[in-house]
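The primary structure of each chain is shown beneath.
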2 protein chains.
Amino acid sequence: MNLTNIRDIFRNKEEYYDQKITIGGWVRSNRNLKNFGFIVLNDGTFFEPIQVVYGNGIENYEEVEKVNVGAALVVTGVLVPTPEAKQPFELQAETIEIEGASTPDYPLQKKRHTMEYLRTISHLRPRTNTFEAVFRVRSLCAYAIHKFFQERGFVYVHTPLITGSDAEGAGEMFQVTTLDLNDVPKTEDGKVDYSKDFFSKPANLTVSGQLNGETYAMAFKNIYTFGPTFRAEDSNTTRHAAEFWMIEPEIAFADLEDDMILAESMLKYVINYVLENAPEEMQFFNKFIDKGLLERLNNVVSNDFARVTYTEAVEILKKHNDKFEYKVEWGCDLQTEHERFLTEQIYKRPVFVTDYPKDIKAFYMKLNDDNKTVAAVDCLVPGIGEIIGGSQREDDYDKLITRMKELGLNEETYKFYLDLRKYGTARHAGFGLGFERCVMYLTGMGNIRDVIPFPRTVNNCEL
Amino acid sequence: MNLTNIRDIFRNKEEYYDQKITIGGWVRSNRNLKNFGFIVLNDGTFFEPIQVVYGNGIENYEEVEKVNVGAALVVTGVLVPTPEAKQPFELQAETIEIEGASTPDYPLQKKRHTMEYLRTISHLRPRTNTFEAVFRVRSLCAYAIHKFFQERGFVYVHTPLITGSDAEGAGEMFQVTTLDLNDVPKTEDGKVDYSKDFFSKPANLTVSGQLNGETYAMAFKNIYTFGPTFRAEDSNTTRHAAEFWMIEPEIAFADLEDDMILAESMLKYVINYVLENAPEEMQFFNKFIDKGLLERLNNVVSNDFARVTYTEAVEILKKHNDKFEYKVEWGCDLQTEHERFLTEQIYKRPVFVTDYPKDIKAFYMKLNDDNKTVAAVDCLVPGIGEIIGGSQREDDYDKLITRMKELGLNEETYKFYLDLRKYGTARHAGFGLGFERCVMYLTGMGNIRDVIPFPRTVNNCEL
């Protein structure tokens, strides 16, 4: 069908004035007076809908008069500027074809619905203003990330979702199997007979593509992953989902400083891209979802991020221990309350906290010369807390294996990872950005369930 | 570190001539004569490596002389044009820092390795020419797909990986669980007690995001998905993997014709993008992997795709039944041998086959007026066979529910899907492109295991 997108009409309106055009979309409202009526039609290509005016001259006037909210229409008419009205133009209908009717009990009537209610109709909620805006921004944000890395020559790597590397954090992993759970095959000694499973061994859903990503960074120098990750955490919060997307760049011949420069440029790039490409949506969020949003984001793109070491940060925070539920002392992991205090109260902008105690960080992080801290970095942003976590990786074979032994990790499992330190090791670093957290940050939405099309959380796996 | 990428040097060589630069990369070969030597260094940013010349004037000459293949070096020197030599320039080293040594038993010596051997070292194979080329093209191909859809205003939707919609094809699905397989909790009547599982019900890995995608197309008009899909098929072929990526666009107010136009423009766009952005890699494939590749791809981008109905195609194929293992007759599903015959022998270019018998196609495809066929389309390409499968969707509530009943599908499970036909249904269509098949098509690689960084197949889930 040869339809004009409402986005094109808004963006190039002069070209369309007094032209006959055809659009297709869904009715947001239908209001009629005696001999004419107004339909507000949205086609999903643009945040603003278009106003269609129809008179009793059209063939099926009596049918159109009764059209319910939610119906799909194909409208042909002339676009006319309306300088005296609120909207810039209207479409004066010549024909209105009812592509698909709706019913008076359409679940999205023209009124405010609660987020909780809308979560129960995840297949219809993108038809509301809020979710249309959220999911367009999510799409633009994803593209901005690809664009950023591709323009810099990074290679996009699809790391595997199903992983056979066992143990380590298995408690929070989903198991993947083709065994019949009603009748699990057992070996003679009564254990699960994994030789009968699809991969002939236990398999899980990945919690991170980083280790695989590192192998590609040691070939392509600069790579990034962007894919789903899974966490079987039994926590029912506004910030956790069982299935979410992560971006994990990895850069070789690079240290923690390079890593921070990359993270800062990426965040600024993504914010700028969304501000430029979704101005209507961002105005909407600023007005209805989070009043300080635009000021905060503009502040982020126009200032350098602050830098502080973990040790310095602890000193600062300890002075405010009376304000915290969890008191801060050296060696403790920073909680969201501490992170937000640092970025919101102390620095009033994003801040990189570096060089954490090795005992609260992962085995693969590069040990600093003090033997106590590692070259880790968290990026904290106002309103959220940690949005990015990264590190320089331990590239020294001996140090890595010492640390693995301390933690009781199985060398055989990590043979491939150790190989990278054996054959042409190079300093390298990377970070992980939780994509949903990034979308929440950009939109001001407060619940992760509202930035994922079909969220998966404990006890919830609908559609 | 302030390093220059080898890609920049090749692409803007004039700017770098007689300049002092620093590069980092991995040794492909090290050949030395008495007082000087040549190192071929690749940094993964460009298909071609750079030649480094070093003389015994450098500080650590004796060490550098002995550097093994695979070592990581940081080289500072002056770039000098070499008009008389095979390579356009060389880097005359002033300092060579050994970032990370390698060993004489480095698994990738400068010789030909079999694909089978390289599959056993999936963490190192991207350091070879073939896999460097494959995985850069894979990355560019992914980006081209995003670029194509985003430039046209399509919204990128992340459909869920873990799905609770049961039954239908469950035999080929992976189950996702947090139950302990050694001790599966049972209800009183002896069945698995899913109330104890993470989602309180059985969950699987998705085989397609289409149905979810449709819900978003009915809000945004034009959407696409690009994410992993899973098939627990016990088939050990060169074309099947248990985990692969799919692209599934869905367009509203659109029919099968619009669908074919979209598929054809997308394929041409992606091919053109890769030809333009990876000319060296494509020359390599054409020379060493698949001699007819470039001719075939150029042929595709410069010709219209052919069109034929299934019924016509069957008539054509029946005349050649002597050539086929499986004889063709109306009603049968086309096999790869038939598909390839059509596209390679009959049309000698890509061909869309439309309007298949309803009995061999999915329940959601739009029934044609003949009541026998559905508005389905497969796109067949030379060298591969089917690369895209799509259809116009049944948008009529009554017809859809009739078909679902015929096939014994559970209405309750598909309530959300039926809702789309109840509230503002609109004609719509979409297709699925198997991403790996697309990469195989673009590179000429013959085995799906060689276009996936860490492939998952029956009995194989390494790293």
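Residues numbered from 1 in each chain as written. Chains lettered and ligands numbered in written order. Predicted model: local features only at pLDDT ≥ 70, side-chain atom pairs only at ≥ 80, totals over all residues. Heavy atoms only, no water.

## A closer look at the overall build of chain A
Now for step 1: A count of helices and strands for chain A gives 14 helices and 16 strands.
Now for step 2: For chain A, the spread of C-alpha atoms along the three principal axes comes to 85 × 60 × 45 Å.
Now for step 3: When each of the 463 residues of chain A is scored for burial, the buried share is 61%.
Now for step 4: Here the analysis covers contacts within chain A between residues at least 6 apart in sequence; of these, 66% occur between residues at least 24 apart. (Helix = DSSP H or I, 4+ residues; strand = E, 2+ residues; numbered from the N terminus. Buried < 20%, exposed > 50% of the residue type's maximum accessible area, 1.4 Å probe, protein only. Contact = heavy atoms within 4.5 Å.)

## So, the side chain of Glu 280 of chain B
Now for step 1: Residue position: Glu 280 of chain B is located in helix α8 (residues 279-289).
Now for step 2: Discounting chain neighbours no more than four positions away, the residues touching Glu 280 of chain B are Arg 11, Phe 46, Phe 47 and Glu 48 of chain B.

## Examining helix α5 (residues 129-151) of chain A
At 3.6 residues per turn, the α-helix brings residues three or four places apart onto the same side.
Residue and element names in this part refer to chain A.
Now for step 1: Relative to the 33 Å expected for 23 residues at 1.5 Å per residue, α5 spans 32 Å between its end C-alpha atoms, a close match to the ideal helical length.
Now for step 2: Buried residues dominate α5, accounting for 20 of its 23 residues.
Now for step 3: Among the residues trailing α5, Gly 153 stands out with phi positive, at a value near 75°. (Expected span 1.5 Å × (residues − 1).)

## Observations concerning the sheet that holds strand β4 (residues 72-81) of chain A
Residue and element names in this part refer to chain A.
Now for step 1: Sheet architecture is closed into a barrel: 5 strands sit in the order β1-β2-β3-β5-β4, paired in mixed fashion. Direction aside, the axes of adjacent strands within the sheet are offset by 55° on average.
Now for step 2: Note that strand β2 (residues 36-42) and strand β3 (residues 50-55) share 6 bridges and pair antiparallel. The residue of β3 that forms the bridge with Ile 39 is Val 52. (Pairing = 2+ DSSP bridges. Axes fitted to C-alpha atoms, helices over the stretch in contact; angles between N-to-C directions.)

## Considerations on the relation of the copies chain B and chain A
Now for step 1: Superposition of chain B onto chain A requires a rotation of 180° combined with a translation of 0.0 Å along the rotation axis, giving an RMSD of 0.0 Å. Viewed as a symmetry operation, the transformation between the two copies matches a two-fold axis. Across chain B, the rotation axis passes nearest the C-alpha of Val 176 of chain B, at a separation of 2.4 Å.
Now for step 2: Mapped onto chain A, 99% of the interface residues of chain B are again interface residues, and the two copies thus contact each other with one and the same surface. (Least-squares fit on C-alpha atoms with pLDDT ≥ 70 in both.)

## Quick word on the interface of chain B and chain A
Now for step 1: Contacts between the two partners involve 117 residues from chain B and, on the opposite side, 117 residues from chain A.
Now for step 2: Taking both sides of the interface into account, the surface hidden between chain B and chain A amounts to around 9,500 Å²; carbon and sulfur atoms contribute 61%.
Now for step 3: Ranking the residues of chain B by area buried against chain A places Leu 181, Phe 253 and Tyr 423 of chain B at the top, with a combined share of 9%.
Now for step 4: Our count for the chain B to chain A interface comes out at 6 salt bridges.
Now for step 5: The partner of Glu 97 of chain A in a salt bridge is Arg 427 of chain B, with the nearest N and O atoms 3.4 Å apart.
Now for step 6: Viewed at the interface, chain A and chain B are joined by 47 residue pairs in polar contact (both at pLDDT 80 or more).
Now for step 7: In terms of residue count, the dominant contributor to the side of chain B that touches chain A is helix α5 (residues 129-151) of chain B (12 residues). (Buried area = accessible area lost by both parts, 1.4 Å probe. Salt bridge = Lys/Arg side-chain N within 4 Å of Asp/Glu carboxyl O. Polar contact = N/O pair within 3.5 Å; in protein donor to acceptor, adjacent residues only side chain to side chain.)

## What about the domain arrangement of chain A?
All names here are of chain A.
Now for step 1: Looking at chain A, the domain boundaries give domain 1 (6-100) and domain 2 (127-171 + 207-450).
Now for step 2: Relative placement of domain 1 and domain 2: their C-alpha centres are 45 Å apart.
Now for step 3: Counting residues at the interface gives 10 residues for domain 1, matched by 11 residues for domain 2.
Now for step 4: Summing both sides of the interface, domain 1 and domain 2 together bury roughly 830 Å²; the carbon and sulfur share of this comes to 41%.
Now for step 5: The largest contributions to the domain 1 side of the interface with domain 2 come from Arg 11, Arg 28 and Phe 47, which together make up 65% of the buried area.
Now for step 6: Across the contact surface, domain 1 and domain 2 share 2 salt bridges.
Now for step 7: Residues Arg 11 and Glu 280 are paired through a salt bridge, measuring 3.1 Å at the closest nitrogen-oxygen approach.
Now for step 8: Counting every contact that joins domain 1 to domain 2 gives 6 residue pairs in polar contact (both at pLDDT 80 or more). (Domains from an automatic or database assignment.)

## Structural notes on the environment of Tyr 356 of chain A
Residues and elements named next belong to chain A.
Now for step 1: In this structure, Tyr 356 sits in strand β13 (residues 351-357).
Now for step 2: On the basis of relative accessibility, which here comes to 1%, the residue Tyr 356 falls in the buried class.
Now for step 3: Here the alpha-carbon distance between Tyr 356 and Thr 425, two residues 69 residues apart in the chain, equals 24 Å.
Now for step 4: In this structure, Tyr 356 is in contact with Tyr 310, Leu 334, Lys 361, Lys 372, Thr 373, Val 374, Ala 376, Val 377 and Asp 378, ignoring residues within four places of it in sequence.
Now for step 5: Within the structure, the side chain of Tyr 356 is placed 3.3 Å from the side chain of Asp 378, a separation counted as a polar contact.

## A look at the sheet that holds strand β9 (residues 203-205) of chain B
Now for step 1: Pairing is antiparallel across the open sheet formed by 6 strands, whose spatial order is β7(A)-β9(A)-β8(A)-β8(B)-β9(B)-β7(B). In the strand order of this sheet, the two ends are held by β7 (162-163) of chain A together with β7 (162-163) of chain B, each with one partner.
Now for step 2: The pairing of β7 of chain B with β9 of chain B spans 2 bridges and is antiparallel. Looking across to β9 of chain B, one finds that Ile 162 of chain B is bridged to Leu 205 of chain B.

## Observations concerning the state of the cysteines
Linking two cysteines covalently via their sulfur atoms produces the bond known as a disulfide.
Residue and element names in this part refer to chain A.
Now for step 1: Scanning the entire structure with this criterion turns up 0 disulfides over all chains.
Now for step 2: Just so you know, Cys 438 is unpaired, no disulfide at all, and the nearest cysteine sulfur is the one on Cys 141, 3.8 Å from it.
Now for step 3: By relative accessible area, which is 2% here, Cys 438 ends up buried. (Disulfide = S-S within 2.5 Å.)

## Focus on the pattern of salt bridges
Now for step 1: All told, the structure shown has 57 salt bridges over all chains when counted by the stated rule.
Now for step 2: A salt bridge links Arg 138 of chain A to Glu 436 of chain A, with the nearest nitrogen and oxygen atoms 2.9 Å apart. Of the two residues, Arg 138 of chain A is situated in helix α5 and Glu 436 of chain A in helix α14 (residues 435-443); the sequence distance between them amounts to 298 residues.
Now for step 3: Take Arg 138 of chain A: its relative accessible area is 2%, and that puts it in the buried class.
Now for step 4: In this structure, Arg 125 of chain B and Asp 450 of chain B form a salt bridge, with 3.2 Å as the shortest nitrogen-oxygen distance.

## Brief notes about unusual backbone geometry
Now for step 1: Of note, the phi angle at Asn 371 of chain A is positive, near 65°, even though the residue is not glycine.
Now for step 2: Mapping Asn 371 of chain A onto the fold places it in the loop between β13 and β14 (373-381).
Now for step 3: Despite not being glycine, Lys 221 of chain B has its phi angle at roughly 75°, a positive value.
Now for step 4: Within the secondary structure layout, Lys 221 of chain B lies in the loop between α6 (210-220) and β10 (222-230).
Now for step 5: For Lys 221 of chain B, a relative accessible area of 4% translates into the label buried.

## A look at a positive patch on the surface
All names here are of chain A.
Now for step 1: A surface patch of positive charge is lined by Lys 86, Lys 110, Lys 287 and Lys 291.
Now for step 2: Within the fold, Lys 291 resides in the loop between α8 (279-289) and α9 (293-302).
Now for step 3: By relative accessible area, Lys 291 is classed as exposed at 67%. (Patch = residues over 30% accessible without salt bridge, like charges linked within 9 Å, V, L, I, M, F, W, Y side chains within 5 Å. Areas by Shrake-Rupley, 256 points an atom, 1.4 Å probe, with all protein chains shown as cover. Lys, Arg positive; Asp, Glu negative; His and termini not counted. Charge placed at Lys NZ, Arg CZ, Asp CG, Glu CD.)

## Some remarks on the packing of α9 of chain A against α14 of chain A
Residue and element names in this part refer to chain A.
Now for step 1: The interhelical angle for the contact between α9 and α14, taken along N-to-C directions, is 115°, at an axis separation of 8 Å. Listed contacts from α14 to Leu 293, Leu 297 and Val 300 of α9 are Tyr 441, Leu 442 and Thr 443.
Now for step 2: Its residues assigned to classes, the contact of α9 with α14 shows 5 nonpolar, 1 polar and no charged. (Nonpolar A, V, L, I, M, F, W, Y, C, P; charged D, E, K, R; others polar.)

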